[in-house]
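Here are the chains, one letter per residue:
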Amino acid sequence: MSTELATAAPAPSVTGAGAGRQTGQQDGPHTEQQTGQHGPYAVRLEHVSKSFGPHRGGGGGQQVLDDIGLRVAPGEFVCLLGASGCGKSTLLNLVAGLDRPTSGEVRVPHGRPALMFQDHALFPWLSAGRNVELALKLAGVPRAERRGRAEELLRLVRLPDAYGKRVHQLSGGMRQRVALARSLAQGSRVLLMDEPFAALDAITRDLLHEELTRVWRERELTVLFVTHNVREAVRLGQRVVLLSSRPGRIAHEWRVDAPHPRRIEDSSVTSLAREITGHLHEEIVRHARH
Ligand SMILES: Nc1ncnc2c1ncn2[C@@H]1O[C@H](COP(=O)(O)OP(=O)(O)OP(=O)(O)O)[C@@H](O)[C@H]1O
Ligand SMILES: [Mg+2]
């Protein structure tokens, strides 16, 4: 079941994925606010459009995003799907404050979000611990506290022995864990993730899904997670938002009712993923025709 959405209306409940549970029950830290339609929000986009090119907002430019409306409630985990080039990273950059919309409004009331990319972007000349400490320093944490806080964050991502290790001594999955620790070191309540696990093998990715879900719940984070992987989106998200292409608009939105912890092979995950994949394929075909 799905609904066409001109703006971010409350997503329909996907009973096929829910095994009879209401979305939000014991699922996250701010259950009463999870639809994000009313009440407090951690991220809000209203009528957001973005064009690139010589004539911003008008002829000659490339309109990438068109009239995006999206609210993410505090503590909510929302996954964003869409064809390559539809504007997912552009949208994340707007929320991160790295770019400004051509029109419309982006609000992130709890301060600057942390951003985590597919490429871990750790400094190779620093140890894992020092990479995390650098983020703590930039977040204004006093020098005397940094070591302890970095070790605590590395423990949180299950890397208690990685403090002195250099980046080349870590596996791909370990590097992404350090990158997650570094993102958390910024102290943001909102975490923006742009295909953070795309380069990892399936088993490592599965482990990191578990870690991320645990950290999200423990830290009461709001997460906006971009992926190409439909199962990953359904495995992780309380909501899955599908963007159309050229220009990017919110095409569909699904609530995922299955309780956490979920596994990628759960039938509730695979059946909803199949439905969403059908819609994603339509969007990709439509994108290819333009
Ligand atoms: N700074 C920029 N200047 C000009 N065009 C840009 C800029 N950033 C993105 N674009 C264009 O905007 C469109 C959307 O790009 P974006 O990176 O947001 O897509 P995406 O959905 O993240 O794609 P992918 O899934 O491949 O990562 C693309 O056509 C891209 O070329
Ligand atoms: Mg991208």
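Whatever comes next refers back to the structure up there.
Residues numbered from 1 in each chain as written. Chains lettered and ligands numbered in written order. Predicted model: local features only at pLDDT ≥ 70, side-chain atom pairs only at ≥ 80, totals over all residues.

## As for the overall build of the chain
Looking only at helices and strands, one finds eight helices and 11 strands in the chain. The 290 residues of the chain split such that 47% are buried. Sequence separation of at least 24 residues holds for 73% of the intrachain contacts in the chain that already meet a minimum separation of 6. (Helix = DSSP H or I, 4+ residues; strand = E, 2+ residues; numbered from the N terminus. Buried ≥ 20, exposed ≤ 12 C-beta atoms within 10 Å, placed from the backbone. Contact = placed C-beta atoms within 7 Å.)

## What about the site of ligand 1?
Taken together, Phe52, Val64, Gly82, Ser84, Gly85, Cys86, Gly87, Lys88, Ser89 and Thr90 form the complete shell of residues around ligand 1. For the shell around ligand 1, the element with the most residues is helix 2 (residues 88-96), which contributes three residues. Of the residues in the shell around ligand 1, the class split is three nonpolar, six polar and one charged. (Near = placed C-beta within 6 Å. Nonpolar A, V, L, I, M, F, W, Y, C, P; charged D, E, K, R; others polar.)

## Observations concerning the nonpolar core
Counting 75 residues, the largest nonpolar core has Leu80, Val95, Val132, Leu192, Leu224, Val240 and Ile276 as the members making the most contacts within it. Residue contributions to this core peak at six residues, all from helix 5 (residues 172-185). Discounting residues that sit within four places of it in the chain, valine 95 has contacts with Val43, Val106, Val108, Pro113, Leu192 and Leu224. (Core = buried A, V, L, I, M, F, W, Y, C linked by C-beta atoms within 7 Å.)

## Looking at helix 6 (residues 202-219)
Helix length check: helix 6 (18 residues) gives 25 Å between terminal C-alpha atoms against 26 Å at 1.5 Å per residue, within 8%. Of the positions making up helix 6, those classed as buried are Arg205, Leu212, Val215 and Trp216. End-on view of helix 6: buried residues confined to an arc of 100°, all on one side of the axis. The exposed set on the far side of helix 6, more than 90 degrees from its buried face, consists of Ile203 and Glu218. Where helix 6 is buried, its residues touch strand 5 (77-82), helix 4 (143-156), strand 9 (222-226) and helix 7 (230-236). Phi for glutamate 220, located one or two positions after helix 6, is positive at around 55°. (Expected span 1.5 Å × (residues − 1). Arc of directions from axis to C-beta.)

## Some details on helix 3 (residues 128-138)
Residues of helix 3 that are buried: Ala128, Gly129, Asn131, Val132, Glu133, Ala135 and Leu136. Residues of helix 3 that are buried in the fold lie against helix 4 and helix 5. Glycine 140 sits one or two residues past helix 3 and shows a positive phi near 90°.

## Considering the packing of helix 5 against helix 6
It is the contact of helix 5 with helix 6, at a shortest axis distance of 10 Å, that shows an interaxial angle of 15°. Compared by their axis directions, helix 5 and helix 6 come out roughly parallel. Here helix 5 and helix 6 pass one another in a crossing that is right-handed. Facing helix 5, whose interface residues are Gly172, Gly173, Gln176, Arg177 and Leu184, helix 6 presents Thr204, Leu207, Leu208, Glu211 and Arg219. (Axes fitted to C-alpha atoms, helices over the stretch in contact; angles between N-to-C directions. Parallel < 35°, antiparallel > 145°, perpendicular 65-115°, else oblique. Left-handed = near helix turned anticlockwise from the far one by under 90°.)

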